Amino acid sequence: MDKVKRFRKKINVKAEASHILMKGGAEAVNKCEELKVEIGDNPAKFSAYAQQFSDCPSGSKGGSLGRFGPGAMVKEFDQIVFNEAVGVVHGPIKTQFGQHLILINERTE
């Protein structure tokens, strides 16, 4: 039964998130922490800062990654998007791509 429940969650749960990617080590962590303080949980500021600072091509769209389900992103990213509070900026989160600030815009269960 547990497998069925996990499968249903995987196909039914969707999220919409934005991120700011900073490549590098300690300097990227510091910059993310700085930006997080300046942004607060303000979606408009997040979008503007993503356009200005993100090292990801999604920066041109305010960091928007669109709508996706579990498993579409790397594990560390998924853990945040599908388990943490919506409407809050999370991070810095380290992945193989660098440091991320993540704003979960919406999640359907």
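For the structure, check the block above.
Now for a description of the structure that goes with this document. (Residues numbered from 1 in each chain as written. Predicted model: local features only at pLDDT ≥ 70, side-chain atom pairs only at ≥ 80, totals over all residues. Heavy atoms only, no water.)

1. Thoughts on helix 3 (residues 43-53)
F46, Y49 and A50 are the residues of helix 3 that are buried. All buried residues of helix 3 project into a common sector of 105 degrees when viewed along the axis, lining one side. Exposed residues lying more than 90 degrees from the buried face of helix 3 are A44 and Q52. Structurally, helix 3 contributes buried residues whose contacts are with strand 1 (14-22), helix 2 (26-39), strand 3 (89-95) and strand 4 (98-108). Two or three places before A44, at the opening of helix 3, N42 has a side-chain oxygen 2.9 Å from that residue's backbone nitrogen. (Buried < 20%, exposed > 50% of the residue type's maximum accessible area, 1.4 Å probe, protein only. Helix = DSSP H or I, 4+ residues; strand = E, 2+ residues; numbered from the N terminus. Arc of directions from axis to C-beta. Contact = heavy atoms within 4.5 Å. Polar contact = N/O pair within 3.5 Å; in protein donor to acceptor, adjacent residues only side chain to side chain.)

2. A few points about the nonpolar core
Counting 12 residues, the largest nonpolar core is built from I20, M22, A28, C32, L35, I39, F46, Y49, A50, V89, L101 and L103. Of all elements in the fold, only strand 1, helix 2, helix 3 and strand 4 reach the threshold of two or more residues within this core. When residues of this core are assigned to their parent elements, the largest contribution, 4 residues, is made by helix 2. Look past the residues within four positions of I20 in its chain and what remains in contact with it is L35, I39, F46, Y49, A50, S54, Q99, H100 and L101. (Core = buried A, V, L, I, M, F, W, Y, C linked by side-chain atoms within 4.5 Å.)

3. Digging into the packing of aromatic side chains
Under the defined criterion, the tally for this structure stands at 2 aromatic pairs. Here Y49 and F53 contribute two aromatic rings whose centre-to-centre distance is 5.7 Å and whose plane-to-plane angle is 40 degrees, an arrangement assigned as tilted. Here Y49 and its partner F53 are both found in helix 3, 4 residues apart, which amounts to about one turn of the helix. (Phe/Tyr/Trp six-rings, centres within 6.5 Å; stacked < 30°, edge-to-face > 60°.)

4. Here's the deal with unusual backbone geometry
A cis amide bond, omega 5 degrees, links G91 with the succeeding residue P92. Among the structural elements, P92 can be located in strand 3.

5. Considering the environment of A44
Its location among the elements puts A44 in helix 3. The class for A44 is exposed, based on a relative accessible area of 56%. It is 8.7 Å that separates the C-alpha atoms of A44 and G62, two residues lying 18 residues apart in sequence.

6. Thoughts on the sheet that holds strand 4
In space, the 4 strands of this open sheet follow the order 2-1-4-3, with antiparallel pairing throughout. Bordering the open sheet on either side are strand 2 (64-68) and strand 3, each of which pairs with just one other strand. Adjacent strand axes in the sheet meet at a mean angle of 30 degrees, parallel and antiparallel pairs treated alike. Its contacts with the sheet place helix 3 against strand 1, strand 3 and strand 4, and it is angled at close to 45 degrees to strand 1. (Pairing = 2+ DSSP bridges. Axes fitted to C-alpha atoms, helices over the stretch in contact; angles between N-to-C directions.)

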